[in-house]
Amino acid sequence: MPAPASPGDRTGTPGVVDPQQLWLAPDRPRRGRRPAFTREAITAAAVALADADGLDAVTMRAVAARVGAGVMSLYSYAPDKETLLELMVDHVSGELLPPAPLSGDWRTDLKALARDQRALMLRHPWLSTALTTHRTTLGPNTLLLLEHALTALRPLPLDGAAKLEVFSLLTGFVSSHVSHELTRVAATDAPERAAAEARYLATVAADGHHPELAQALAAPGRPLTPEATFTRFLDRLVDGLDTHPGTGTGTPPHA
């Protein structure tokens, strides 16, 4: 059973990380002598476990064993798995730094960032799940990526809140799309399902009750590689962004 969080580690709401304490406090335990490992080492060990076996494999006991530490000593750095997940997300986000130089065309730059995000999530298959099922805070690496995106969006006649929403929209799209990609890859072990789905759609399209669907299915095919599909969706998303000045308040984006 996890040890209670240290005072100041979290907000007053259970399960909510205090970003002030997490990201601005010194990287060392708050009491006792300094052990022979760091928060960076703990985070890297957790990432390696998740890469190999998924998020469910990341337990405080498993991470402690990987770094050669006692379980209790880890709680000074990460009082629970939720905090550890925050560290993991920002840790792998650092792989996108420094981002590619901006081209001056905001659409090109947003698409480049999205492609980099997709590549990152494919390297770390647990990341898209973490981003779509957890509300993560903005760690230092994520903040640098956000700054990069906001700089790219500088030419747009959008207010600051709307630009934050664009970053959230982009990251949310990439996360959801990668989750779908990974699910489809997992389903390739059952080709009979894909064949059954194709037969079902053909039957429905021929019943006369779904003429628009029948017309869509009869249209010329397009490349169905993961990269081609992602590019088409990304083009539609970015090229279709409303660039009229917004007045919404918005909220800080997810990582």
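Higher on the page you've got the structure.
Residues numbered from 1 in each chain as written. Predicted model: local features only at pLDDT ≥ 70, side-chain atom pairs only at ≥ 80, totals over all residues. Heavy atoms only, no water.

Caption draft 1: Quick look at the environment of Ser128. Mapped onto the secondary structure, Ser128 falls in helix H7 (residues 126-133). Residues Ser128 and Ser175 lie 47 residues apart in sequence; the distance between their C-alpha atoms is 4.6 Å. At 3.2 Å, the side chain of Ser128 and the side chain of Ser179 are in polar contact. (Helix = DSSP H or I, 4+ residues; strand = E, 2+ residues; numbered from the N terminus. Polar contact = N/O pair within 3.5 Å; in protein donor to acceptor, adjacent residues only side chain to side chain.)

Caption draft 2: Examining the pattern of salt bridges more closely. Taken as a whole and assessed by the stated rule, the structure comprises six salt bridges. The shortest N-O distance in the salt bridge between Glu95 and Arg123 comes to 3.0 Å. With Glu95 in the loop between helix H5 (81-93) and helix H6 (106-123) and Arg123 in helix H6, this pair connects stretches of sequence that are 28 residues apart. Note on Glu95: relative accessible area 37%, which makes it partly exposed. When its relative accessible area of 44% is taken as the criterion, Arg123 is described as partly exposed. A salt bridge links Glu227 to Arg118; the nearest nitrogen and oxygen atoms lie 3.8 Å apart. (Salt bridge = Lys/Arg side-chain N within 4 Å of Asp/Glu carboxyl O. Buried < 20%, exposed > 50% of the residue type's maximum accessible area, 1.4 Å probe, protein only.)

Caption draft 3: Representation of helix H8 (residues 140-152). Its 13 residues give H8 an end-to-end C-alpha distance of 19 Å, which sits within 8% of 18 Å, the value for a rise of 1.5 Å per residue. Listing the buried residues of H8 in full gives Thr142, Leu145, Leu146, His148, Ala149 and Ala152. All buried residues of H8 fall inside an arc of 155° around its axis, so they share one side. (Expected span 1.5 Å × (residues − 1). Arc of directions from axis to C-beta.)

Caption draft 4: Looking closely at the packing of aromatic side chains. Per the counting criterion, the structure on display carries one aromatic pair. On the numbers, 5.6 Å between centres and 20° between planes, the contact of Phe173 with Phe230 is stacked. In this pair, Phe173 is assigned in helix H9 (residues 160-187) and Phe230 in helix H12 (residues 226-239), connecting sequence segments 57 residues apart. Classification of Phe230 by relative accessible area gives buried; the value is 2%. (Phe/Tyr/Trp six-rings, centres within 6.5 Å; stacked < 30°, edge-to-face > 60°.)

Caption draft 5: Fine view of the side chain of Ser128. For Ser128, a relative accessible area of 1% translates into the label buried. If we skip the residues at most four places from it in the chain, Ser128 touches Met121, Ser175, Val178, Ser179 and Leu182. (Contact = heavy atoms within 4.5 Å.)

Caption draft 6: Expanded view of the packing of helix H2 (residues 39-53) against helix H3 (residues 60-67). Put simply, H2 and H3 touch, their axes get as near as 9 Å, and they point 115° apart. With respect to their mutual orientation, H2 and H3 come out roughly perpendicular. Crossing of H2 against H3: the hand is right-handed. Along the contact surface, H2 presents Ala41, Ile42, Ala45, Ala46, Ala48 and Leu49, while H3 presents Ala62, Val63, Arg66 and Val67. Residue composition of the contact of H2 with H3, grouped by class: nine nonpolar, no polar and one charged. (Axes fitted to C-alpha atoms, helices over the stretch in contact; angles between N-to-C directions. Parallel < 35°, antiparallel > 145°, perpendicular 65-115°, else oblique. Left-handed = near helix turned anticlockwise from the far one by under 90°. Nonpolar A, V, L, I, M, F, W, Y, C, P; charged D, E, K, R; others polar.)

Caption draft 7: Expanded view of a nonpolar patch on the surface. Residues Tyr200, Leu201, Leu213 and Leu217 make up a contiguous nonpolar surface patch of roughly 370 Å² in combined accessible area. Put simply, the parts of the chain that give the nonpolar patch at least two residues each are helix H10 (191-205) and helix H11 (211-218). (Patch = residues over 30% accessible without salt bridge, like charges linked within 9 Å, V, L, I, M, F, W, Y side chains within 5 Å. Areas by Shrake-Rupley, 256 points an atom, 1.4 Å probe, with all protein chains shown as cover.)

Caption draft 8: Structural view of the packing of H2 against H5. Direction vectors running N to C along H2 and H5 enclose 85°, while the axes themselves pass 9 Å from each other. Between H2 and H5, the crossing angle belongs to the class labelled roughly perpendicular. Across from Arg39, Glu40, Ile42, Thr43, Ala44, Ala46, Val47 and Ala50 in H2, the residues of H5 making contact are Leu84, Leu87, Met88, His91 and Val92. Per-class residue counts for the contact of H2 with H5 are nine nonpolar, two polar and two charged.

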